[in-house]
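Descriptive analysis of the structure
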Amino acid sequence: MANPISKKRGFIALISTLIISTLLFSFVLVVSESHIIHRYMVLNFENKILSEKLAQSCIEIARVFIKNNPSVTHESLPYSGRMPIETNECRIVSITHIDTTIRGIHAHAESGSSHTHLYVTIETPDATIHTWEERNPQ
């Protein structure tokens, strides 16, 4: 017949092993989840940078068109203001005539779930930038 003390020791060892395993599993789960969240944050950051660079590209394209023709509008641009840049695209939403020498440009680009709306004012005929800001769309 088995000794009752050794049965208790076996039971205590089994319960201790289960508790330690559960704690280790919980720790691994929390750490891996935080790494997944961190990777999504990095991806969103990269998408935001890409959307900003795309919108800046559209602003520069609009500046070139305005410098060549100060009365240009976004409707008269090639591709109706949609500019393909490699596999992405940015859009010149509007070119407004604020006064006789000041033009306003609104460009939009997106990458993944990140959007960038840039609003820039420039002076014609040399396309000097007066203001440059990112805003939420109106």
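Report follows, based on the coordinates. Given the structure is predicted, the values throughout are model-derived calculations rather than measurements.

Here is what the cut-offs are and how they apply
- Every residue gets a number counted from 1 within its own chain, in the order that chain's sequence is written.
- Since the coordinates come from a predicted model, pLDDT governs what is reported: local features require at least 70, and pairs of side-chain atoms require 80 or more to be given and counted, while whole-chain, interface and lining totals use all residues.
- The side-chain figures draw on all heavy atoms in the structure; neither hydrogens nor water molecules are used.
- Helix and strand assignments follow DSSP, with helices taken as H or I runs no shorter than four residues and strands as E runs no shorter than two, numbered in order from the N terminus.
- Radius of gyration: C-alpha atoms only; globule rule: 2.2 Å multiplied by the number of residues to the exponent 0.38.
- Think of it in three bands: with a 1.4 Å probe and only protein chains considered, a residue is buried below 20% of the maximum accessible area for its type, exposed above 50%, and partly exposed in between.
- Contacts between residues were defined by any pair of non-hydrogen atoms, one from each residue, lying within 4.5 Å.
- When DSSP finds two or more bridges between a pair of strands, those strands are recorded as paired.

Further remarks concern the overall build of the chain. Of the regular secondary structure elements, the chain holds one helix and five strands. Going from the N terminus to the C terminus, the chain shows its helices and strands as α-β-β-β-β-β. Computed over the C-alpha atoms, the radius of gyration of the chain is 30 Å, more than 25% above the 14 Å expected from 2.2 N^0.38 for a compact globule of 138 residues. Summarising its shape, the C-alpha atoms of the chain cover approximately 105 × 25 × 20 Å along the three principal directions. In the chain, which comprises 138 residues, the proportion classed as buried is 27%. Long-range contacts, defined as pairs at least 24 residues apart, comprise 41% of the intrachain contacts of the chain with a sequence gap of at least 6.

With four bridges joining them, strand S1 (residues 82-85) and strand S2 (residues 88-97) adopt antiparallel strand pairing. Following the sheet pairing, Met 83 is matched in S2 by Cys 90. Counting the residues in the hairpin turn of S1 and S2 gives two residues, including Glu 86, whose phi is positive at 55°.

It is worth spelling out the side chain of Ser 111 at this point. Relative to the assigned elements, Ser 111 resides in strand S3 (residues 102-111). The exposure class of Ser 111 is buried, given its relative accessible area of 8%. Ignoring sequence-local partners within four residues, the contact set of Ser 111 consists of Asn 47, Leu 50 and Ser 51.

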